[in-house]
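This is what each chain is made of:
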Amino acid sequence: MKYNLTISTIYTAILMWIYDMEIAVFWRYMRFEGSFDNVVFAEVAIGVVLLSSLLPFRSDTRTYLLTCLHYFFFLPSVVYIAFNEVSQDYYISFIFCSLIIYLGSAVPVRSFEIGKIQRKYIFFALQVLIFIALILQAAFGGLASFNLDLELVYQFRSATSANMPAIFGYLYSNVASVLIPGSIALSLYYRQAALAMVGVLAGILLFAMAHHKSILFTTLMVFLMFLIIDRHRSPKAITIFPLAIVAVCGMELIWLNLGQDSGTPGLLTSYLVRRTLLVPPMLDAASIELFNNAPKYFWSTSRLGLGIAENPYQTAAPFLIGTEFFDDSTMSANAGLIGSGYSNAGILGTVLYSTFMALTISFINSIGKKVGPELITVLSFPTILLIFTSTDLTTALLTHGLLMLLCLISILPEHHCLSDKI
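> Hey, could you go over the overall build of the protein for me, with residue numbers and the actual values?
Within the protein, the regular secondary structure consists of 17 helices and zero strands. For 422 residues, the compact-globule estimate of 2.2 N^0.38 gives 22 Å, and the protein sits close to it at 21 Å. Relative to its full complement of 422 residues, the protein shows a buried share of 55%. Accessible surface for the protein amounts to roughly 18,500 Å². Of this, 66% is attributable to carbon and sulfur atoms. Charge centroids of the protein, computed over 22 positive and 24 negative side chains, lie 16 Å from each other.

Shown next as structure tokens:
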């Protein structure tokens, strides 16, 4: 616990400083409010101690995944909650989610036995599917709007999406969240450097044609995360990545304030701290505030809702949040596990979603014991993190690749079966 507490304290201290000095200054109009005081310090300190004490210590997939979530979701949420005035239901939902995920994921869930496939066939299938996805993206206008500039993605995204067949929405996210990261992780695990670089190139090309920054960040994050975990083989290694993110952003902030650009927000800080770490809890808080005393969706916008309930708003929750809080009816403000669960069934929805994900992490952990915890962690964490930060669980099952992820890791050969050649 001492190591987790020390790193968590350093991490949140830097994150609080960045929030107070930059986020709350330049982005207050985007629901980033508050300023540092003794109350903020006390709330963050309590949250850091309690969450750090719940982290497990084993070098298994569960510990790896919980460590990722600890730094990329739970601690940033603690910082956001401390600085901002949030509803009581958000406090309750966050506490329930934390306890269920940290403790409930320890409940053993056995993996089912299905036929294993030799890795050379898995590699072949992944490469073919990725190639088909890239060809389809290019054929339906991707090349016409090819762009590698992060600042220009919003100029092309809507037009590109409109040109794609509706069914491609299901294919695209599975490719971006599972197939490309999976190809990179497997290539690195089996020391196929050329195939790993092909996976990275595929991620860059898909970003340039589909114009979703998450593709690029996920691709690079998987590559770096595997190199770190594979080298050190310890959950402690994962802390290097989030700590490096806030440290680099902190240095950017210092550099801007020492120079002539003190009135300009940092580019890296905007992308890595604001967008990646703090927007998810902000949208969770917004979702709970909006639906606190309003009709819930009860999965009326999901295919898994079976049409039992009627949509009370005639639009999906992300667009309703965009309209109500940001005065933009075209904005899809996607809340994560807590906010989307709450929009469907209040605190009960958040508890149901958290329970499902705790058991899913336990299931993934059981596969990691057979296949290899480092490999399964790198394969799983992009999709798991996406569910906690920016999508509804029911959407993630089909559209964002959770079901495909579970199928993929279930057919991987066990870690002692490394003799089959590609």
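Further notes follow.
> Describe the packing of helix 9 (residues 213-232) against helix 15 (residues 373-390), naming the residues involved and giving the relevant values.
Contact pair helix 9 / helix 15: the axes reach a minimum separation of 10 Å and the direction vectors enclose 150 degrees. Regarding the angle of helix 9 to helix 15, the classification is roughly antiparallel. Where helix 9 crosses over helix 15, the two elements pack in a sense that is right-handed. The segment helix 9 lies against helix 15, with T218, M221, V222, M225, F226 and I229 engaging E374, T377, V378, F381, P382 and L385. Its residues placed into classes, the contact of helix 9 with helix 15 shows nine nonpolar, two polar and one charged.

> Kindly report on the side chain of T360, identifying the contributing residues and their values.
Position of T360 among the secondary structure elements: in helix 14 (residues 337-371). Leaving out residues up to four positions away in the same chain, T360 has contacts with L402 and L406.

> Break down a nonpolar patch on the surface for me, with residues and values.
Residues F124, V128, L129, F131, I132 and I135 make up a contiguous nonpolar surface patch of roughly 590 Å² in combined accessible area. Residue position: F124 is located in helix 5 (residues 119-142).

> Run through the nonpolar core, naming residues and quoting values.
Membership of the largest hydrophobic core comes to 126 residues, with the highest contact counts inside it found for F32, F74, I101 and F388. Not counting chain neighbours up to four residues away, the residues in contact with F32 comprise Y19, I23, A24, W27, Y80, N84, R274, L278, V279 and M282.

> Give a description of helix 15 that names residues and reports values.
The terminal C-alpha atoms of helix 15, which comprises 18 residues, lie 25 Å apart, in line with the 26 Å expected from a rise of 1.5 Å per residue. Where burial is concerned, most of helix 15 is hidden: 17 out of the 18 residues are buried.

> Break down the side chain of T350 for me, with residues and values.
Note on placement: T350 falls in helix 14. Overall, T350 belongs to the buried group, its relative accessible area being 0%. Residues within four places of T350 in sequence aside, it is in contact with S93, C97, I338, G341 and Y342.

> For unusual backbone geometry, give the residues involved together with the corresponding values.
The backbone phi angle of R191 is positive, close to 60 degrees, even though this residue is not glycine. By the secondary structure assignment, R191 is in the loop between helix 7 (168-189) and helix 8 (193-210). R191 sits in the exposed class, given a relative accessible area of 54%. Of note, R233 is a non-glycine position whose phi angle comes to about 50 degrees, a positive value. With respect to the helices, strands and loops of the structure, R233 is situated in the loop between helix 9 and helix 10 (235-238).

> Now, about helix 2 (residues 38-54): what can you tell me, with residues and values included?
End to end, helix 2 covers 25 Å across 17 residues, agreeing with the expected 24 Å (1.5 Å per residue, within 8%). Elements in contact with the buried residues of helix 2: helix 1 (2-26), helix 3 (61-83) and helix 4 (88-104). The N-cap of helix 2, judged by a side-chain oxygen 3.1 Å from the amide nitrogen of V39 a few residues on, is D37.

> Explain the packing of helix 8 against helix 9 to me, and be specific about the residues and the numbers.
The geometry of helix 8 relative to helix 9 is characterised by a closest axis approach of 7 Å and an angle of 165 degrees between their N-to-C directions. The orientation of helix 8 with respect to helix 9, classified from their angle, is roughly antiparallel. Between helix 8 and helix 9 lies a crossing whose hand is left-handed. On helix 9, the residues touching A196, M197, G199, V200, G203, I204, L206, F207 and A210 of helix 8 are K213, I215, L216, T219 and F223.

> Mind laying out the packing of aromatic side chains, listing which residues take part and the relevant values?
Scanning the entire structure with this criterion turns up 18 aromatic pairs. Here F32 and Y80 contribute two aromatic rings whose centre-to-centre distance is 5.9 Å and whose plane-to-plane angle is 90 degrees, an arrangement assigned as edge-to-face. Of the two residues, F32 is situated in the loop between helix 1 and helix 2 and Y80 in helix 3; the sequence distance between them amounts to 48 residues. For the pair F32 and Y80, a shared accessibility class is recorded, and that class is buried.

> Tell me about the confidence of the model for the protein, and name the residues and values.
When pLDDT is averaged across the protein, the result is 87; 91% of the residues are at 70 or more. Here residues 416-422 is modelled with pLDDT under 50, and outside its nearest four sequence neighbours on either side it reaches 12 contacts, counting other chains as well.

Reading the values: rules and limits
- Residues numbered from 1 in each chain as written.
- Predicted model: local features only at pLDDT ≥ 70, side-chain atom pairs only at ≥ 80, totals over all residues.
- Heavy atoms only, no water.
- Helix = DSSP H or I, 4+ residues; strand = E, 2+ residues; numbered from the N terminus.
- Rg over C-alpha atoms; globule rule 2.2 N^0.38 Å.
- Buried < 20%, exposed > 50% of the residue type's maximum accessible area, 1.4 Å probe, protein only.
- Areas by Shrake-Rupley, 256 points an atom, 1.4 Å probe, with all protein chains shown as cover.
- Lys, Arg positive; Asp, Glu negative; His and termini not counted.
- Charge placed at Lys NZ, Arg CZ, Asp CG, Glu CD.
- Axes fitted to C-alpha atoms, helices over the stretch in contact; angles between N-to-C directions.
- Parallel < 35°, antiparallel > 145°, perpendicular 65-115°, else oblique.
- Left-handed = near helix turned anticlockwise from the far one by under 90°.
- Contact = heavy atoms within 4.5 Å.
- Nonpolar A, V, L, I, M, F, W, Y, C, P; charged D, E, K, R; others polar.
- Patch = residues over 30% accessible without salt bridge, like charges linked within 9 Å, V, L, I, M, F, W, Y side chains within 5 Å.
- Salt bridge = Lys/Arg side-chain N within 4 Å of Asp/Glu carboxyl O.
- Core = buried A, V, L, I, M, F, W, Y, C linked by side-chain atoms within 4.5 Å.
- Expected span 1.5 Å × (residues − 1).
- Polar contact = N/O pair within 3.5 Å; in protein donor to acceptor, adjacent residues only side chain to side chain.
- Phe/Tyr/Trp six-rings, centres within 6.5 Å; stacked < 30°, edge-to-face > 60°.
- pLDDT = per-residue confidence, 0-100.

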